[in-house]
Amino acid sequence: MRKGTGKGAARSVLGAVTAAVLLLGLAACSTLNPTAPHLYTLTPRASVADGPKADWQLLVETPAAAAGIDTPRIALARTPTSLDYFADVSWADRAPNMVQGLIVQTFEDSGRIVSVGRDTVGLRSDYVLKSELRDFQAEYATPGAALPDRVHVRLSAKLVAMPRRTIEAGETFEASAPVRGRSFTDIVAAFDEALGRVTGDLVTWTLSQRFRPSGS
């Protein structure tokens, strides 16, 4: 009787250990493979004013940003002093990386500059565009609103001459766009509209600067 009881106890302990290991394995899997969020990207239609073609080369740095914006998560401000995030959705890249790519694309689409690219390509340039993404969130502009009713984008920019690294010009660009519906795609459309106005104004301003290529 005692011998059988010992074997039964051993089997019970072994079963408990096995179950615990399985539970830990499942927990680890759920940690390593969280539910993937719905990913979104932006395709703003920026309007760039006509003008002469710039004969200098430009590199665009990734915008600096506070930690609350420097993330793939899509920011939501319920009050001027708070920052939250939408659940189960995300940008396809960190917001500053995404904005950098769209700035470069807007310069290219303008057809008004000899050469433009990301600073990471390692090419020589006459000027570098440095910027800071200060606002990039949906907001509750109306107190007590059930849903965010606008998107706010603000970008501060400086043009730096190379290789002497002197600031030649600086400006801040800002736009808000209303959310014209109740679905999340309406919020993304508002981000597109606000960012398109900011990038269009930024590129128009940059190309209006009367610079000379370095060494001229």
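Bear in mind the structure is a predicted one, so any value in this text is a computation, not a measurement.

Calculation rules
- Residues numbered from 1 in each chain as written.
- Predicted model: local features only at pLDDT ≥ 70, side-chain atom pairs only at ≥ 80, totals over all residues.
- Heavy atoms only, no water.
- Helix = DSSP H or I, 4+ residues; strand = E, 2+ residues; numbered from the N terminus.
- Buried < 20%, exposed > 50% of the residue type's maximum accessible area, 1.4 Å probe, protein only.
- Contact = heavy atoms within 4.5 Å.
- Areas by Shrake-Rupley, 256 points an atom, 1.4 Å probe, with all protein chains shown as cover.
- Salt bridge = Lys/Arg side-chain N within 4 Å of Asp/Glu carboxyl O.

(A) Structural detail: the overall build of the protein chain. From N to C terminus, the protein chain includes three helices and 10 strands. The helix and strand sequence of the protein chain, counted from the amino end, reads α-β-β-β-β-β-β-α-β-β-β-β-α. For the protein chain, with 216 residues in total, the buried portion stands at 39%. Put simply, 69% of the contacts in the protein chain that link residues at least 6 apart link residues at least 24 apart. A total of about 12300 Å² of accessible surface is found on the protein chain, and carbon and sulfur atoms cover 55% of it.

(B) Quick look at the pattern of salt bridges. Evaluated as defined, the whole model comprises 10 salt bridges. A salt bridge links Glu61 to Lys130; the nearest nitrogen and oxygen atoms lie 2.8 Å apart. Taken together, the residues span a long stretch of sequence, with Glu61 in the loop between β2 (54–60) and β3 (64–65) and Lys130 in strand β8 (residues 127–139) at a distance of 69 residues. For Lys130, a relative accessible area of 31% gives the class partly exposed.

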